[in-house]
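# Structural characterization, general
For reference, the chains in residue letters:
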Amino acid sequence: MNPSLFSPEGLAEVIFLILIGTTILGASIATLSKRLIRSVIGLAICFLGVGGLYYFLNSPFVAMMQLLIYVGAVCITMTFAIMLAEPDDEKASRKYKSVSTWAAAPLGGLIAYGLSRLAIQGQWLAPAEKINSGSVKDLGMSLLNEYSMVFELISIVLLVSIIGSLALARVGRRKQ
Amino acid sequence: MDELIRLLSYFVGIAAFLGFNLAYLGWVERKGAGHIQRRNGPKEVGPYGLIQPLADGLKLMSKQLIVPAAADKPLYMAAPILAMVPAVLLFVAIPFGEGIVPRQFDFGLLMIFAFAAFAGLAVLMAGWGSGNKYSLIAGTRVVSQNIAFEIPMLITAITVVMITGTMDLSEIVRHQAGGFWHWNIFPRFDSSLLMPVSFLIFYICSMAETNRAPFDLGEAESELVAGYLTEYGGMGFGIFMMAEYANIVIGCSLTTILFLGGWQCPFGILPGPHWFFIKMYFLIWCFVWMRWTFPRVTLWGLLNLSWKYLIPFSLVNLLLTALFIKVF
């Protein structure tokens with residue numbers, strides 16, 4: 001079956017392709033660009049595409065969080081760090097053609113193979129109950145009941161990173 | 001087909017509303033600045049200088065676009081677009097009246113914060129892409145400022161979400177129906193007494209997030225020429241200015257919705273979009289008023305304000321709000 005371009009299904013497919021294209025384009029800019037700052041911008045484009053995919057899959061909450069956290073916080077912090085550390089980075093001047101290239105290529109291929117095999121052959125379960133009603137209550141309930149383990153683990157990771165950054169900042173201050 | 005017509009009319013309506021605001025907020029600002037400084041402001045073009053925005057637009061559009069030799073061209077060209085697009089996009093989620101919202105989002109509040117995050121990235125790209133030291137310094141400044149003020153802003157927004165129990169902007173407004181004493185800006189004896197504190201923190205943060213004076217360190221013209229705008233001429237500059245005004249409209253709309261009861265009437269009679277616009281334009285006028293009244297803060301003063309005062313206060317405010325909700 002080949003839905004026409006202007007039917008809802010056809011439009012949905014076009015939108016899906018645009019989102020995939022955005023994600024791949026962003027990822028390619030991020031990996032292939034010679035300037036570090038352009039890589040970060042590429043990463044932001046990639047996150048935008050991924051956020052769009054979440055929205056396409058009917059999870060607006062995850063989509064918005066993706067944009068808020070990854071574009072709004074992660075990318076901006078990375079850009080900020082690059083600006084402070086290396087004003088004009090010459091990524092191209094570094095030689096990456098070492099053992100790591102030869103190790104990375106088969107490893108990357110293996111991961112890609114595994115993921116696509118999983119996607120094609122895996123048993124897809126029916127989606128669990130969606131938290132799309134916009135009610136904060138539902139969100140809190142599922143965060144603190146079903147996903148409480150994940151929630152706690154993430155908070156530990158965040159706590160460790162905060163303490164780590166504080167310790168690093170402290171060391172830098174003592175030297176002066 | 002109805003849906004298509006609805007979408008088209010909203011599209012045209014928002015474009016017209018935005019165009020009108022972007023043109024005439026500039027006029028309001030110049031007039032306001034003039035009168036605050038005992039000048040006339042624009043008065044030559046048309047009665048009261050009312051055609052001045054058109055003349056400005058024509059001037060900006062007829063200028064040549066020059067890309068500096070040292071600039072990173074793709075970033076330099078993309079930055080104004082990235083500044084403008086999210087600002088326009090956000091009007092999709094703003095409810096102007098009961099049922100007058102282009103797209104009903106369950107997570108409207110979250111969406112506005114998510115897309116507002118692109119503004120910082122745009123300024124960074126402009127600052128970096130210009131290939132100019134002043135622009136670069138301005139870019140880092142604006143980003144440190146945006147990061148610092150986004151935290152208390154989000155935390156205070158959470159207090160509103162806690163007392164209304166939803167992130168749906170229309171639902172938040174409906175929650176404040178009936179008389180001005182139901183608005184979130186006033187202490188609410190059924191949920192939280194600390195709402196005025198939330199409002200104050202939120203309003204200060206929205207002013208800082210839109211890079212308005214007294215927090216306009218990104219284009220501090222006395223130290224940084226024009227900050228991240230230094231290398232932009234013609235319509236590049238024009239688009240950045242328009243994005244700033246669009247962000248102001250968004251920020252004031254959001255404050256109106258969260259704290260001033262959106263389209264609700266203060267006395268509970270005849271609610272409607274007109275009340276939304278009255279409140280929104282009042283807040284915008286306050287932005288203009290404060291810009292020309294207060295001197296610019298220093299960078300350290302600004303960052304200290306956020307990290308040492310607003311963030312601790314907003315955290316305590318959040319905890320106490322949770323306590324109030326539990327007690328009442």
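Quantities reported herein were computed from a predicted structural model and do not represent experimental measurements.

### Details of the interface of chain B and chain A
Listed per partner, the contact involves 29 residues of chain B and 29 residues of chain A. Note on chain B versus chain A: buried area summed over both sides is about 2,600 Å², and carbon and sulfur give 81% of it. By the criterion of area lost to chain A, the three top residues of chain B are Phe107, Leu121 and Trp128 of chain B, representing 25% of everything that side buries. The interface formed by chain B and chain A includes zero salt bridges. Remark: the boundary between chain B and chain A carries zero residue pairs in polar contact (both at pLDDT 80 or more). The greatest single-element share of the side of chain B that touches chain A, amounting to twelve residues, is contributed by helix H4 (residues 108–129) of chain B. A breakdown of the residues in the side of chain B that touches chain A according to their chemical character gives 20 nonpolar, five polar and four charged.

### Overview of the domain arrangement of chain B
All names here are of chain B. For chain B, the assigned domains read domain 1 (1–62) and domain 2 (64–327). Computed from C-alpha atoms alone, the centre-to-centre distance between domain 1 and domain 2 is 20 Å. On the side of domain 2, 27 residues touch domain 1, which itself brings 18 residues to the contact. Each partner contributes to the roughly 2,000 Å² buried at the junction of domain 1 and domain 2, and carbon and sulfur atoms together form 76% of this total. Between the two partners, domain 1 and domain 2, sit one salt bridge. For Arg291, the salt bridge goes to Glu29, with nearest N and O atoms at 3.5 Å. Applying the counting rule to domain 1 against domain 2 returns three residue pairs in polar contact (both at pLDDT 80 or more). Of all elements in the fold, only helix H1 (2–36) and helix H2 (52–62) reach the threshold of two or more residues within the side of domain 1 that touches domain 2. When residues of the side of domain 1 that touches domain 2 are assigned to their parent elements, the largest contribution, 14 residues, is made by H1. Here the residues of the side of domain 1 that touches domain 2 sort into eleven nonpolar, five polar and two charged.

### Brief notes about a nonpolar patch on the surface
Residue and element names in this part refer to chain A. Where nonpolar side chains cluster on the molecular surface, the patch consists of Leu143, Leu144, Tyr147, Met149, Val150, Phe151, Leu153, Ile154, Ile156, Leu158 and Val160 and spans about 1,000 Å² of accessible area. Counting only elements with at least two residues in the nonpolar patch, the list comes to helix H5 (136–144) and helix H6 (148–175). The element that contributes the greatest number of residues to the nonpolar patch is H6, accounting for eight residues. Within the secondary structure layout, Val160 lies in helix H6. Residue Val160 is classed as exposed on the basis of its relative accessible area, which comes to 54%.

### Describing the packing of H4 of chain B against helix H5 (residues 133–164) of chain B
Residue and element names in this part refer to chain B. Across the interface, H4 lies against H5 with an axial gap of 8 Å and an inter-helix angle of 170 degrees. Accordingly, the angle class assigned to the pair H4 and H5 is roughly antiparallel. For the pair H4 and H5, the contacting residues are Leu109, Phe113, Ala117, Gly120, Val123, Leu124, Gly127 and Trp128 in the first and Ser135, Leu136, Gly139, Val142, Val143, Asn146, Glu150, Met153, Leu154, Ala157 and Val161 in the second. Looking at the contact of H4 with H5, its residues break down into 13 nonpolar, five polar and one charged.

### Focus: the environment of Lys73 of chain B
Secondary-structure assignment places Lys73 of chain B in helix H3 (residues 73–89). Residues Lys73 of chain B and Ser130 of chain B, spaced 57 residues apart in sequence, show a C-alpha to C-alpha distance of 8.2 Å.

### With respect to the environment of Ala169 of chain A
Mapped onto the elements of the fold, Ala169 of chain A is located in helix H6. In this structure, the C-alpha to C-alpha distance between Ala169 of chain A and Ile154 of chain A, residues 15 residues apart in sequence, is 22 Å.

Reading the values: rules and limits
Residues numbered from 1 in each chain as written. Chains lettered and ligands numbered in written order. Predicted model: local features only at pLDDT ≥ 70, side-chain atom pairs only at ≥ 80, totals over all residues. Heavy atoms only, no water. Contact = heavy atoms within 4.5 Å. Buried area = accessible area lost by both parts, 1.4 Å probe. Salt bridge = Lys/Arg side-chain N within 4 Å of Asp/Glu carboxyl O. Polar contact = N/O pair within 3.5 Å; in protein donor to acceptor, adjacent residues only side chain to side chain. Helix = DSSP H or I, 4+ residues; strand = E, 2+ residues; numbered from the N terminus. Nonpolar A, V, L, I, M, F, W, Y, C, P; charged D, E, K, R; others polar. Domains from an automatic or database assignment. Patch = residues over 30% accessible without salt bridge, like charges linked within 9 Å, V, L, I, M, F, W, Y side chains within 5 Å. Areas by Shrake-Rupley, 256 points an atom, 1.4 Å probe, with all protein chains shown as cover. Buried < 20%, exposed > 50% of the residue type's maximum accessible area, 1.4 Å probe, protein only. Axes fitted to C-alpha atoms, helices over the stretch in contact; angles between N-to-C directions. Parallel < 35°, antiparallel > 145°, perpendicular 65-115°, else oblique.

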